[in-house]
Amino acid sequence: MNLILHVWRQKNASEKGRMERYEANDVNPDMSFLEMMDVVNENLITQGSEPIAFEHDCREGICGSCGFMINGIAHGPQRGTTVCQLHMRHFKDGDELYLEPWRARAFPVIKDLVVDRGAFDRIISAGGYITAHTGSAPDANALPVPKTDADRAMDAAACIGCGACVAACPNASAALFTGAKISHLGLLPQGQPERSRRALAMVAQYNRELFGSCTNIGECEAVCPKEIRIEVISRMNRDYLKAAWKDRSALRDDQAETEPKAGGRR
Amino acid sequence: MALDSRVPSGPIEQAWDRARFEMKLVNPANKRKYNVIVVGSGLAGGSAAATLGELGYNVKCFCFQDSPRRAHSIAAQGGINAAKNYQNDGDSIYRLFYDTVKGGDFRSREANVYRLAQISVHIIDQCVAQGVPFAREYGGFLANRSFGGAQVSRTFYARGQTGQQLLLGAYQALEAQVDAGRVKMFPRTEMLDLVVIDGRARGIVSRSLVTGKIETHVADAVILATGGYGNVFYLSTNAKGSNCTAIWRAHRRGAAFANPCFTQIHPTCIPVSGEYQSKLTLMSESLRNDGRIWVPRDPGDKRSPSQIPENERDYYLERRYPSFGNLVPRDVASRAAKAVCDEGRGVGETGLGVYLDFGDAIKRLGRHVIEERYGNLFEMYERITGDNPYVTPMRIFPAIHYTMGGLWVDYQLMSTIPGLFVLGEANFSDHGANRLGASALMQGLSDGYFVIPYTLGNYLASNKLDKVDAASPGFQAVTTDVEDRLKRLLSVRGKRTVASFHRELGRIMWDYCGMSRNAEGLEHAIGAIRNLREEYWRNVNVPGSEGDLNQQLESAGRVADFLELGELMCIDALHRNESCGGHFREEFQTEDGEALRDDAHYQYVAAWEYKGPNTSPELHREPLEFNYVHPAQRSYK
Ligand SMILES: Cc1cc2nc3c(=O)[nH]c(=O)nc-3n(C[C@H](O)[C@H](O)[C@H](O)COP(=O)(O)OP(=O)(O)OC[C@H]3O[C@@H](n4cnc5c(N)ncnc54)[C@H](O)[C@@H]3O)c2cc1C
Ligand code: FES
């Protein structure tokens, strides 16, 4: 099959970008989307042009490196699938595809389809962990964990940090990402001692980054390649409010930052 | 070059205790004065950086991805071993030790393996405390499964995403240390060379993958945890970015490379579908617990699998290995698949595939049970191939998966360059000639959480290091080397893309240094790789410039290093006139086609010393002694 691609090209963060048109010919339906892009790039290089920069590593849908918009949908049309796992048999001859990077103020473009998602690391760094110094752990079976809790924690922990949720949200909110980590750790007995502190610190950092606020639209859940459920956001809100109530001074400190602010969309 | 393994004397059960007692300690107040570089943020590097940060060292950690959470360890599916014996089914530290030495076909160091088995139990404790959501039973205790042919259930898992969950545990611990100011993280930063001053590793030269800026980093010790080099084959189950640059550059600066030809081929991967193929996808080995592997009895039988009657199918593993059947170790299963394809009985369009059939299991257990066990894997298979494995048997074929070889390290995980430590898949230490399933995650975390915190302290406390800084001539010289090399790559402006060279190298390696090898083929491959390397530096086309994000330049440097490593792998495979584990030399096999070891001549670690470009490397031997597990021919019949 033959396809027309319109791809966002932007040399670096400071220069302006634009859409460019490319042809992808003789595309084999068994190719992955990124393999199709590889072939386009090989041709560009041979013709003396610069290839399209896009991020990828595992190509198995687990590392969270890849991701861009295909015709306005984060990771493209197939539900629960990262772009590296999307195969060309879902497209047809003559399709015209518009490829753009994640658009969010918190994710500045580095080049073409590559954006900077460092804000996610900073949110985790603020409190998305359980403090358990190496060597201090009791026997792994010392504390039983009900299977349903472990399973629900695992559902939330499946997040790959790709950023599709932010890209899909009209407010460019990172609530699904942050809620997933707060839920994962908060559902386990090991995560209880730091539960309040974690919610306060992570939400505060989230607010310091340039993400918008969550207004319960649900687009994030629809595009999440790991199908993380929107419940994690309610869980985050509950944990945050409970913690803030317990620690009202923290609420006062954070208030300036939790005030409604301009949306995070670029 | 002398190889001193520094294995403690005395009974193996007490070796690690004794070694730890004899090690010097760094005064807690002094730890923050030491600068330590950790290259790599996978299970090995991430756990090391986090733990060293906790202890108070001043750590810099590097990875080439945009976040440490994306290291290739994230992709591990199946599980992690530990000798917990929670299932009460006869496991013990000694049994895990025994299985690992035997599985490695008697080419690993006993003391290292024993320590690994001992530490395994602490790893699970540590991970649970961090919030790793391992699978559990209804009573709330941890679940286990048997994996990769083990006779006991010692594998812990988190659905099909064990590597992801373990890595997120290490990553979160690492980020906590970033927040505490003890670890500084350098994502999107690639180490391009090692700086050795007065015979000691004293820092690295790196390139920012965003701005192209070349930087030097000075340290008191350097830890490499940069993963395996399976991508020398171009097609492998490794992530696209996995590469050998860090260890290869260190090798060129004096670190011996051990057993480079020991590579593992995983039997259950999705077959290649076309020229454009960019990587291979592993289907978890756990599938072999219920799937039956077969090919048509007659060569050239092109009927669809459902039309081939039972008596015209050859369940060749069950036939050849009645007691282990479909669960024989990886190397045995892979070779058997190659053999039936060589006979013209392979399936699928290319003839390079065998069936993994769940028909019987579905009949016996019901579809829902199979769905519960393997649902996500079946989905992944269907996503990639478009076939529904509940109805049509899966097609699988072996693929390069793991590299047992790596930089040589002693018991303290130090390479032949003092002050350079190597952890995880990047070292050669624990798996001999073949790794057992679910043991790489265990080794990475053992090295990072529990070994290096001791051995690094011992090195720092026992050596008085001179002051060096980035202005030292040593740093200047390496920086110039790095810059010159990048300029050279960009200035060739030839006709072939980097990927086309990489693909060609991969094909040479797969054909001559892959699942089975012979002297003639290896000699041919060495010549072919030399020619390809020569052409590379004359005819490669690397577009763009060095001053910004340039993915072609990144991969050009990596492929240049693979073109050197590939040759060393063939040299090593050619010198080892025996078959062992993943290294199968056609000239050395038993009458019924099994690997034939030669313990009298090859019971050693082959550690190669770099002697300069286009000069033969020098072989050093570390003899191996087996005082506990006595070498025997592995039999899975
Ligand atoms: C698909 C798949 C499934 C697997 N499943 C299992 C399993 O179920 N059980 C099991 O035990 N093992 C499994 N393995 C093997 C196991 O995952 C790996 O051996 C292990 O994770 C390697 O960890 P590591 O920390 O050594 O390296 P990696 O996780 O590969 O990390 C390497 C790190 O080094 C960095 N790096 C590399 N080069 C440079 C450089 N030049 N400069 C800066 N940074 C650099 C990278 O950015 C990365 O952070 C699997 C492997 C694959 C491919
Ligand atoms: S490349 Fe890893 S998730 Fe797509």
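Keep in mind the model is a prediction, meaning the values are calculated, not measured.

### Considerations on the packing of helix α5 (residues 175-186) of chain A against helix α6 (residues 195-208) of chain A
All names here are of chain A.
Right, so step 1: Between α5 and α6, the least distance of the axes is 11 Å, while the angle of their chain directions is 170°. As judged from the angle between their axes, α5 and α6 are roughly antiparallel. The element α5 and its partner α6 pack so that their crossing is right-handed. Between α5 and α6, the residues in contact are A175, T178, K181, I182, L185 and G186 and R195, R198, A199, M202, V203 and Y206, respectively.
Right, so step 2: Among the residues making up the contact of α5 with α6, the classes are represented as 7 nonpolar, 2 polar and 3 charged.

### Some thoughts on the interface of chain A and chain B
Right, so step 1: Across the boundary between the two partners, chain A contributes 78 residues, which contact 75 residues of chain B.
Right, so step 2: Here chain A meets chain B over a buried area of about 6100 Å², counting both sides, of which 50% is carbon and sulfur.
Right, so step 3: The interface formed by chain A and chain B holds 7 salt bridges in total.
Right, so step 4: Across the pair D139 of chain A and K84 of chain B runs a salt bridge whose closest N-O atoms are separated by 3.0 Å.
Right, so step 5: The interface formed by chain A and chain B contains 48 residue pairs in polar contact (both at pLDDT 80 or more).

### Describing the pattern of salt bridges
Right, so step 1: Taken as a whole, this structure holds 72 salt bridges over all chains when the rule is applied.
Right, so step 2: Here D151 of chain A and K147 of chain A are joined by a salt bridge, their closest N and O atoms 2.9 Å apart. A residue pair is termed a helical-turn pair when its members lie 3 or 4 positions apart in one helix, as D151 of chain A and K147 of chain A do in helix α3 (residues 147-157) at 4 residues.
Right, so step 3: Note that E190 of chain B and R558 of chain B form a salt bridge whose closest N and O atoms lie 3.0 Å from each other. Linking E190 of chain B in strand β6 (residues 189-197) with R558 of chain B in helix α15 (residues 551-575), this pair joins segments that are 368 residues apart in sequence.

### Re the sheet that holds strand β14 (residues 354-357) of chain B
Residues and elements named next belong to chain B.
Right, so step 1: Pairing within the open sheet is antiparallel, and its 5 strands lie in the order β11-β15-β14-β12-β13. The sheet is open, and its two borders are formed by β11 (263-269) and β13 (313-314), each paired with just one other strand.
Right, so step 2: Pairing geometry for strand β12 (residues 292-296) and β14, over 3 bridges, is antiparallel. Among the inter-strand pairings, I293 is bridged to a residue of β14, identified as L356.

### Considering the packing of aromatic side chains
All names here are of chain A.
Right, so step 1: Counting across every chain of the model gives 29 aromatic pairs over all chains.
Right, so step 2: Ring geometry for F33 and F91: centres 5.6 Å apart, planes at 55°, overall tilted. Here F91 lies in the loop between β4 (73-74) and β5 (96-100) and F33 lies in helix α1 (residues 33-46), a separation of 58 residues in the sequence.
Right, so step 3: The class for F91 is buried, based on a relative accessible area of 10%.

### Considering the pairing of strand β15 (residues 394-403) of chain B
Residue and element names in this part refer to chain B.
Right, so step 1: Of all the 10 residues making up β15, 9 are buried; the element is thus mostly covered by neighbouring parts of the structure.
Right, so step 2: Pairing of β11 with β15 involves 5 bridges; the strand directions are antiparallel. Bridge assignment links H266 to a residue of β15, and that residue is A399.
Right, so step 3: The sheet contact formed by β14 and β15 spans 3 bridges and is antiparallel. When the bridges of β15 are listed, Y355 appears paired with R395.

### A few points about the domain arrangement of chain B
All names here are of chain B.
Right, so step 1: Each assigned domain of chain B is listed with its residue range as follows: domain 1 (37-260 + 402-462), domain 2 (265-401) and domain 3 (474-602).
Right, so step 2: The straight-line distance from the C-alpha centre of domain 1 to that of domain 2 is 31 Å.
Right, so step 3: Contact with domain 1, which involves 23 residues of that partner, is made by 23 residues of domain 2.
Right, so step 4: Interface area for domain 1 against domain 2, summed over the two sides, is near 1900 Å², with a carbon-plus-sulfur share of 52%.

### Focus: helix α11 (residues 440-462) of chain B
Count 3.6 residues to each turn of an α-helix, and residues three or four apart come out pointing the same way.
All names here are of chain B.
Right, so step 1: Over its 23 residues, α11 runs 30 Å from end to end, which matches the ideal 33 Å to within 8%, given 1.5 Å per residue.
Right, so step 2: Helix geometry: α11 is bent most strongly at V451, by close to 55°, with proline P453 lying one to four residues after it.
Right, so step 3: In terms of burial, α11 is a largely internal element, 19 of the 23 residues being buried.

### Here's the deal with the nonpolar core
Right, so step 1: Counting 208 residues, the largest nonpolar core has F211 of chain A together with I80, F134, L224, L456 and Y536 of chain B as the members making the most contacts within it.
Right, so step 2: Here I80 of chain B is in contact with I123, I124, F134, R154, T155, F156, T162, L166, A438, L441, M442 and L445 of chain B, once residues within four sequence places are set aside.
Right, so step 3: Y316, V328, L356 and M394 of chain B belong to the second-largest nonpolar core, a separate cluster that totals 33 residues.

### So, the domain arrangement of chain A
Residue and element names in this part refer to chain A.
Right, so step 1: When the domains of chain A are assigned, the result is domain 1 (3-110) and domain 2 (117-255).
Right, so step 2: Across the boundary between the two partners, domain 1 contributes 20 residues, which contact 20 residues of domain 2.
Right, so step 3: When domain 1 packs against domain 2, close to 1600 Å² is buried across both sides, 61% of that on carbon and sulfur atoms.
Right, so step 4: Viewed at the interface, domain 2 and domain 1 are joined by 1 salt bridge.
Right, so step 5: We note a salt bridge from R117 to E55, for which the minimum N-O separation is 3.5 Å.
Right, so step 6: Our enumeration of links across domain 1 and domain 2 arrives at 4 residue pairs in polar contact (both at pLDDT 80 or more).
Right, so step 7: Taken together, the residues that form the side of domain 1 that touches domain 2 break down as 10 nonpolar, 7 polar and 3 charged.

### Notes on unusual backbone geometry
Residue and element names in this part refer to chain B.
Right, so step 1: Residues other than glycine seldom take positive phi values, yet N259 does so here, at roughly 45°.
Right, so step 2: Phi at L413 takes a positive value of approximately 65°, unusual for a residue other than glycine.
Right, so step 3: On the secondary structure map, L413 appears in the loop between β16 (406-407) and β17 (420-422).
Right, so step 4: Residue classification places L413 among the buried positions, given a relative accessible area of 0%.

### Overview of the sheet that holds strand β10 (residues 257-258) of chain B
All names here are of chain B.
Right, so step 1: Spatial ordering of the open sheet is given by β16-β10-β20-β21, a layout of 4 strands whose pairing is antiparallel. Strands at the two margins of the open sheet, each flanked by one partner only, are β16 and β21 (618-623).
Right, so step 2: Sheet topology note: the β10/β16 ladder contains 2 bridges and is antiparallel. What sits directly across from A258, in β16, is G406.
Right, so step 3: Here α15 sits on the sheet and contacts β10, β20 (604-609) and β21; the angle it forms with β20, its principal contact strand, is near 140°.

### Focus: the environment of A221 of chain B
All names here are of chain B.
Right, so step 1: By the secondary structure assignment, A221 is in strand β9 (residues 221-224).
Right, so step 2: C-alpha separation for the pair A221 and Y34, spaced 187 residues apart in sequence, amounts to 8.5 Å.
Right, so step 3: The contact partners of A221, leaving out residues within four places of it in the chain, are N35, V36, I37, A201, G419, F421, L456, Y459 and L460.

### What about the confidence of the model for chain B?
Right, so step 1: On average, chain B scores 96 in pLDDT, and the residues at 70 or more come to 100%.
Right, so step 2: The ipTM, which scores confidence in the relative placement of chains, is 0.96 for this predicted complex, and the corresponding pTM is 0.97.

### Re the site of ligand 1
Residues and elements named next belong to chain B.
Right, so step 1: Lining the immediate surroundings of ligand 1 are 38 residues, of which Q65, S73, G78, M191 and E425 lie closest.
Right, so step 2: Contact between ligand 1 and M191: a nitrogen atom at 2.8 Å from a main-chain N or O atom of the residue.
Right, so step 3: For ligand 1, whose free accessible area comes to 1000 Å², the fraction covered by protein is 98%.
Right, so step 4: Of all elements in the fold, only α2 (43-55), β6, β15 and α11 reach the threshold of two or more residues within the shell around ligand 1.
Right, so step 5: Residues that form the shell around ligand 1 fall into these classes: 17 nonpolar, 18 polar and 3 charged.

Criteria and thresholds
- Residues numbered from 1 in each chain as written.
- Chains lettered and ligands numbered in written order.
- Predicted model: local features only at pLDDT ≥ 70, side-chain atom pairs only at ≥ 80, totals over all residues.
- Heavy atoms only, no water.
- Axes fitted to C-alpha atoms, helices over the stretch in contact; angles between N-to-C directions.
- Helix = DSSP H or I, 4+ residues; strand = E, 2+ residues; numbered from the N terminus.
- Parallel < 35°, antiparallel > 145°, perpendicular 65-115°, else oblique.
- Left-handed = near helix turned anticlockwise from the far one by under 90°.
- Contact = heavy atoms within 4.5 Å.
- Nonpolar A, V, L, I, M, F, W, Y, C, P; charged D, E, K, R; others polar.
- Buried area = accessible area lost by both parts, 1.4 Å probe.
- Salt bridge = Lys/Arg side-chain N within 4 Å of Asp/Glu carboxyl O.
- Polar contact = N/O pair within 3.5 Å; in protein donor to acceptor, adjacent residues only side chain to side chain.
- Pairing = 2+ DSSP bridges.
- Phe/Tyr/Trp six-rings, centres within 6.5 Å; stacked < 30°, edge-to-face > 60°.
- Buried < 20%, exposed > 50% of the residue type's maximum accessible area, 1.4 Å probe, protein only.
- Domains from an automatic or database assignment.
- Expected span 1.5 Å × (residues − 1).
- Bend = angle between axes of the 7 residues up to and from the residue.
- Core = buried A, V, L, I, M, F, W, Y, C linked by side-chain atoms within 4.5 Å.
- pLDDT = per-residue confidence, 0-100.
- Near = heavy atom within 4 Å.
- Areas by Shrake-Rupley, 256 points an atom, 1.4 Å probe, with all protein chains shown as cover.

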